[in-house]
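# Structural characterization, general
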Amino acid sequence: MRPHPGLLGAAILLCQPLIAHAQTSPAPSQAPRAAVHIDTFISRDADKTQVMKSGVDLDWQYSGPEKYRGIRIENARFDPFGQGWESRDRIYLRLADRFGDWSAATRVGTDGETVLGSAVIHNDAAFRQEYFVERDIVETPQGLGRGIYYTYVGGALDLPFDEDNSATVLAGVQDFTGDNVRLHLRANYVHILDREKGLSAQLRTRYFHNSRPREFDYYSPRWYAQIVPVLQLRRFSHGWRYLVAGGIGVQRDADSDWRRSSYFNAEVTTPERNDWALKAAFLFSETPGASSDAYSYSQVTVGLTRVF
């Protein structure tokens, strides 16, 4: 069974002229430098499926998180259902730049079997637009053993109502190896409770529909729905950035009744000091994982950047 990376290829072709345009833009006042970024990602769900990804970004041109040129070398290890670890090595080309009100970033590479990576383009307008594509392997026993991949393409739009109220809507299509195609819809409503303190109340909703349910061993009911109210606190202090968000809601799918769905996220990003910067994040959610509807998932991400 061969994966089909056509959607990703089309999106990368879309991004190429944007990156080329960015390369012709005027040089910044500070010449780009080199940078090394090291990060680790660890996740675990209720089915004892674990994923560990460790990567090194080597950027020969780095002018910040929105403008760089480099490569990424990554080792991904998977332990689906606790059945034993598998290791995959990957390499990517990394490009990011700005042109006017738009920013573009791509990460395109391979695991030796097919094209992998992601691309995103967004602007900074009041009605912010974002378009993205992502391609990766399905992290289940059949996904790893039979080479089941997905390509996810979509777009999002911010809708500001007034100074304190806004919404974001997202629509996407996720094409899996085989016959299944998943349609995604998301809508988030945000109300600012205290702008000075960075406190907001949010209502996050999510729905997806599978054209061929349960085709392989990844979680794919006919449909899935989720509604979660969330309180979020985002603060900036002396260059440090803090984010804490959490909430409790409900979820269900075509084969189950409504049940609890909780969410907690915490992030901290340090300022760049002496050319070093650190970012750490923790996420816990009661949502279905890739492999089943067992709904307990946690992940930790730590990244360290050194600019030369």
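A count of helical and extended segments in the protein gives two helices and 16 strands. Out of the 308 residues in the protein, the part that is buried amounts to 40%. Summarising the internal contacts of the protein: among those between residues at least 6 apart in sequence, 48% fall at separations of at least 24. Accessible area for the protein stands at about 15800 Å²; split by element, carbon and sulfur atoms hold 58% of it.

With six bridges connecting them, strand S6 (residues 115-123) and strand S7 (residues 129-137) associate as antiparallel partners. Across the sheet, residue Gly-117 finds its bridge partner in S7, namely Arg-135. Connecting the antiparallel pair S6 and S7 is a turn made up of five residues. Both S7 and strand S8 (residues 149-162) contribute to a ladder of nine bridges, which runs antiparallel. Bridging from a neighbouring strand, Ile-137 pairs with Tyr-149 of S8.

What follows covers the packing of aromatic side chains. In the structure shown here, the tally under the stated rule is eight aromatic pairs. On the basis of an interplanar angle of 75° and a centroid distance of 5.2 Å, the ring pair of Phe-132 and Tyr-152 is categorised as edge-to-face. Linking Phe-132 in strand S7 with Tyr-152 in strand S8, this pair joins segments that are 20 residues apart in sequence. Its relative accessible area of 12% is what places Tyr-152 among the buried residues.

The subject of this paragraph is the nonpolar core. With ten residues, the main nonpolar core is built from Phe-132, Val-138, Ile-148, Tyr-150, Tyr-152, Ala-156, Leu-170, Phe-176, Phe-216 and Tyr-218. Listed by contribution, the elements that provide at least two residues to this core are S8 and strand S9 (165-176). Examining the composition of this core, we find that three residues originate from one element, S8, more than from any other. Ignoring sequence-local partners within four residues, the contact set of Phe-176 consists of Val-138, Tyr-149, Tyr-150, Arg-182 and Tyr-218. Core analysis: the second largest hydrophobic core is formed by nine residues, Ala-76, Leu-116, Ile-137 and Tyr-149 among them.

Quick look at the environment of Lys-197 now. With respect to the helices, strands and loops of the structure, Lys-197 is situated in the loop between strand S10 (181-194) and strand S11 (199-210). When its relative accessible area of 48% is taken as the criterion, Lys-197 is described as partly exposed. Put simply, Lys-197 and Leu-233 are 36 residues apart on the chain and 7.4 Å apart in space, counted from C-alpha to C-alpha.

Our focus in this paragraph is the pairing of strand S13 (residues 240-253). Burial along S13 is one-sided: the face carrying Arg-241, Leu-243, Ala-245, Gly-247, Gly-249, Gln-251 and Asp-253 is buried and the face carrying Trp-240, Tyr-242, Val-244, Gly-246, Ile-248, Val-250 and Arg-252 is not. Pairing analysis gives eleven bridges linking strand S12 (residues 223-237) to S13, with the strands arranged antiparallel. The residue of S13 that forms the bridge with Leu-233 is Val-244. What sits between the antiparallel neighbours S12 and S13 is a turn of two residues, in which His-238 has the positive phi angle 55°. The pairing of S13 with strand S14 (residues 259-269) spans eleven bridges and is classified as antiparallel. Each bridged residue has a counterpart across the sheet, and for Arg-241 the counterpart in S14 is Thr-269. With antiparallel pairing between neighbouring strands as the criterion, S13 and S14 make up a hairpin whose turn holds five residues.

Mapped onto the elements, His-209 comes out in strand S11. Residue His-209 is classed as partly exposed on the basis of its relative accessible area of 28%. The spatial distance from the C-alpha of His-209 to the C-alpha of Asn-180 is 9.9 Å, given a sequence separation of 29 residues. Setting aside its immediate chain neighbours within four residues, His-209 contacts Val-181, Arg-182, Leu-183, Arg-222 and Trp-223.

Procedures and definitions
Residues numbered from 1 in each chain as written. Predicted model: local features only at pLDDT ≥ 70, side-chain atom pairs only at ≥ 80, totals over all residues. Heavy atoms only, no water. Helix = DSSP H or I, 4+ residues; strand = E, 2+ residues; numbered from the N terminus. Buried < 20%, exposed > 50% of the residue type's maximum accessible area, 1.4 Å probe, protein only. Contact = heavy atoms within 4.5 Å. Areas by Shrake-Rupley, 256 points an atom, 1.4 Å probe, with all protein chains shown as cover. Pairing = 2+ DSSP bridges. Phe/Tyr/Trp six-rings, centres within 6.5 Å; stacked < 30°, edge-to-face > 60°. Core = buried A, V, L, I, M, F, W, Y, C linked by side-chain atoms within 4.5 Å.

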